[in-house]
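Listed below, chain by chain, are the residues.
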Amino acid sequence: MEQFLIDWEGPVLLWIQEHMRNDFLTPVLTFLTHLGDHGYFWIALTILFLLLRKTRKVGGLMTCSLLLNTLVNNVLLKNLVARTRPYEVVDGLHRIIEAQSDYSFPSGHTGSAFAVAVVVFLMCPRKIGVPVLVFAFVIAFSRLYVGVHFPTDVLGGALIGAVIAYLVCAVDRRKTGQKGSIWNFER
């Protein structure tokens with residue numbers, strides 16, 4: 001199975017390397033990918049939401065989602081799956097940032113991004129939620145662009161982060177007695 005994924009995903013990463021990397025995007029996406037290092041950007045955004053009275057509840061949900069995502073993705077799944085990084089097994093792929101110290105699946109940067117962004121998207125007005133969610137997608141793509149994750153690593157991180165965020169919001173909604181679909185939050 002591992003070799004099948006490498007055979008399918010390796011060419012995708014090589015295509016990104018050969019056709020998308022350029023002198024303009026490389027410094028931009030390198031900078032953006034580093035914003036996700038150790039979850040710093042998402043932690044800072046969460047703290048900002050916690051500090052503002054109007055968004056404090058959302059900040060609490062962001063905190064829960066980010067912590068659960070870290071436990072599931074970075075503590076449990078990365079060590080359980082123990083997937084090799086693409087730059088170690090895809091011939092011709094060159095990473096453009098430093099070697100990563102942990103395993104590849106799932107992408108922790110992407111998981112953290114979606115764990116926070118989906119909470120913001122579900123709980124805040126669209127003018128806030130949509131840009132934050134778009135930024136999560138940019139962070140996810142940056143991990144492919146810099147050559148440190150396979151596409152399924154990023155997809156897995158995004159799905160796990162999004163599901164955790166959705167569940168955190170759904171549990172809060174149920175706990176507070178709100179009825180209806182989680183998608184019908186008032187904005």
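Conventions adopted
Residues numbered from 1 in each chain as written. Predicted model: local features only at pLDDT ≥ 70, side-chain atom pairs only at ≥ 80, totals over all residues. Heavy atoms only, no water. Helix = DSSP H or I, 4+ residues; strand = E, 2+ residues; numbered from the N terminus. Rg over C-alpha atoms; globule rule 2.2 N^0.38 Å. Contact = heavy atoms within 4.5 Å. Lys, Arg positive; Asp, Glu negative; His and termini not counted. Charge placed at Lys NZ, Arg CZ, Asp CG, Glu CD. Disulfide = S-S within 2.5 Å. Phe/Tyr/Trp six-rings, centres within 6.5 Å; stacked < 30°, edge-to-face > 60°. Patch = residues over 30% accessible without salt bridge, like charges linked within 9 Å, V, L, I, M, F, W, Y side chains within 5 Å. Areas by Shrake-Rupley, 256 points an atom, 1.4 Å probe, with all protein chains shown as cover. Salt bridge = Lys/Arg side-chain N within 4 Å of Asp/Glu carboxyl O. Buried < 20%, exposed > 50% of the residue type's maximum accessible area, 1.4 Å probe, protein only.

A. Structural detail: the overall build of the protein chain. From N to C terminus, the protein chain includes 8 helices and 0 strands. Of the regular secondary structure in the protein chain, the N- to C-terminal order runs α-α-α-α-α-α-α-α. In terms of overall dimensions, the protein chain is globule-like: its C-alpha atoms have a radius of gyration of 17 Å, near the 16 Å expected for 187 residues. Projected onto its principal axes, the C-alpha positions of the protein chain cover 55 × 35 × 25 Å. Counting only contacts in the protein chain whose residues sit at least 6 apart along the sequence, the fraction spanning at least 24 positions is 77%. For the protein chain, the distance from the average position of its 17 positive side-chain charges to the average position of its 13 negative side-chain charges is 20 Å.

B. Looking closely at the state of the cysteines. Evaluation of the coordinates by the stated rule reveals 0 disulfides. No disulfide involves cysteine 64; its nearest neighbouring cysteine sulfur is the one of cysteine 169, lying 9.9 Å away. Sulfur of cysteine 124: no disulfide; nearest cysteine sulfur belongs to cysteine 169 and is 9.3 Å away.

C. Region of interest: the packing of aromatic side chains. Evaluation of the coordinates by the stated rule reveals 5 aromatic pairs. A ring pair is formed by tryptophan 42 and phenylalanine 135, whose centres lie 5.7 Å apart and whose planes are at 45°; its orientation type is tilted. A residue pair is termed long-range when its members are at least 10 positions apart, and tryptophan 42 in helix α3 (residues 40-51) and phenylalanine 135 in helix α7 (residues 126-145) qualify at 93 residues. Aromatic side chains phenylalanine 141 and tyrosine 145 sit 6.1 Å apart centroid to centroid with 55° between the ring planes, which places their arrangement in the tilted category. Taken together, the positions of phenylalanine 141 and tyrosine 145, both in helix α7 and 4 residues apart, correspond to about one turn of that helix.

D. Spotlight on a nonpolar patch on the surface. Together, Tyr40, Ile43, Ile47, Leu48, Leu51 and Leu52 line one region of the surface with nonpolar side chains, adding up to about 590 Å² of accessible area. By secondary structure assignment, the location of leucine 52 is in the loop between α3 and α4 (56-81).

E. Structural detail: the side chain of glutamine 100. Along the chain, glutamine 100 turns up in the loop between α5 (86-89) and α6 (108-123). With relative accessibility at 17%, the residue glutamine 100 sits in the buried group. If near-sequence neighbours (up to four positions away) are discounted, glutamine 100 is found in contact with Arg85, Tyr87, Arg143 and Val148.

F. Highlighting the pattern of salt bridges. For the coordinates displayed, the defined rule picks out 5 salt bridges. Lysine 57 is paired through a salt bridge with aspartate 172; the nearest N and O atoms lie 2.9 Å apart. Taken together, the positions of lysine 57 in helix α4 and aspartate 172 in helix α8 (residues 151-175) put the pair 115 residues apart, joining distant regions of the chain. In this structure aspartate 172 comes out as buried when scored by relative accessible area, which is 10%. Here aspartate 153 ties to arginine 83 by a salt bridge, and the two come within 2.8 Å at their closest N and O atoms. With aspartate 153 in helix α8 and arginine 83 in the loop between α4 and α5, this pair connects stretches of sequence that are 70 residues apart. Residue class for aspartate 153 comes out buried when judged on its relative accessible area of 0%. Look at arginine 83 and you get buried, because its relative accessible area is 5%. In the salt-bridge network here, residues are joined through shared partners; they are Glu9, Arg83 and Asp153.

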